[in-house]
Amino acid sequence: MDSEKKARTAATDEIVRLFFCDTITMLDLVLSENIEQPEHSANTVWSRLELAAEYDAEQNGTTVTVPALLQKSGYPQEAIDRLTAMCQREKERHKELCEEQNCSTSRYEKATPGW
């Protein structure tokens, strides 16, 4: 591998590390919120964690789920269950809002992978 490619790889690894750290910060904010009146998106956090898991899989040749990634990062099952519940509740709120506004709810019909 030439030095330019090594530098790009190192930069990409650092971007991914920072992305993951920011996502964990967002996760901690989500987990500390009221499930009915959240300020942050649990589904955005879940999607970011899915991306981190996909990147890890590409780099290491292993598949890891979001719950497994969180367990590996030291989160207890109760926190993972809370995030899952918050994602589901957020999806329900978005679906209700769409129904109120007479727009399509199809994107909220499919469960998020890993649920």
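This one's a predicted model, so the numbers in the text were calculated from it and none came from an experiment.

### Remarks on the overall build of the protein chain
- Helix and strand content of the protein chain: four helices and zero strands.
- The order of α-helices and β-strands along the protein chain, N terminus first, is α-α-α-α.
- With respect to the three principal axes, the spread of C-alpha positions in the protein chain is 55 × 30 × 25 Å.
- Going through the 115 residues of the protein chain one by one, you find that 29% of them count as buried.
- A fraction of 58% describes how many contacts in the protein chain between residues 6 or more apart in sequence connect residues 24 or more apart.

### Here's the deal with the packing of helix α1 (residues 3–31) against helix α2 (residues 42–60)
- It is the contact of α1 with α2, at a shortest axis distance of 10 Å, that shows an interaxial angle of 150 degrees. One finds that α1 runs roughly antiparallel with respect to α2. The handedness of the crossing between α1 and α2 is left-handed. Contact residues: α1 offers Thr 12, Asp 13, Val 16, Phe 19, Phe 20, Asp 22, Thr 23, Ile 24, Met 26, Leu 27 and Val 30, while α2 offers Ala 42, Thr 44, Val 45, Arg 48, Leu 49, Leu 51, Ala 52 and Tyr 55.
- Tallied by class, residues from the contact of α1 with α2 come to 13 nonpolar, three polar and three charged.

### Concerning unusual backbone geometry
- The backbone of Asn 102 shows a phi angle near 55 degrees, a positive value even though the residue is not glycine.
- What makes Asn 102 exposed here is its relative accessible area of 72%.

### Digging into the pattern of salt bridges
- Per the stated rule, a full pass over the model turns up five salt bridges.
- Measuring nitrogen to oxygen at the nearest pair gives 3.1 Å for the salt bridge that ties Arg 8 to Glu 4. One end of the pair is Arg 8 and the other is Glu 4, both in helix α1 and four residues apart, which spans about a single turn.
- Taking relative accessible area as the criterion, Arg 8 reaches 47% and is therefore assigned partly exposed.
- Here Arg 17 ties to Glu 14 by a salt bridge, and the two come within 2.7 Å at their closest N and O atoms. Highlighted residues: Arg 17 and Glu 14, both in helix α1, separated by three residues, approximately one helical turn.
- For Glu 14, a relative accessible area of 35% gives the class partly exposed.
- What you see here is one network of salt bridges that share partners, running through Glu 36, Arg 89, Glu 92 and Glu 96.

Calculation rules
Residues numbered from 1 in each chain as written. Predicted model: local features only at pLDDT ≥ 70, side-chain atom pairs only at ≥ 80, totals over all residues. Heavy atoms only, no water. Helix = DSSP H or I, 4+ residues; strand = E, 2+ residues; numbered from the N terminus. Buried < 20%, exposed > 50% of the residue type's maximum accessible area, 1.4 Å probe, protein only. Contact = heavy atoms within 4.5 Å. Axes fitted to C-alpha atoms, helices over the stretch in contact; angles between N-to-C directions. Parallel < 35°, antiparallel > 145°, perpendicular 65-115°, else oblique. Left-handed = near helix turned anticlockwise from the far one by under 90°. Nonpolar A, V, L, I, M, F, W, Y, C, P; charged D, E, K, R; others polar. Salt bridge = Lys/Arg side-chain N within 4 Å of Asp/Glu carboxyl O.

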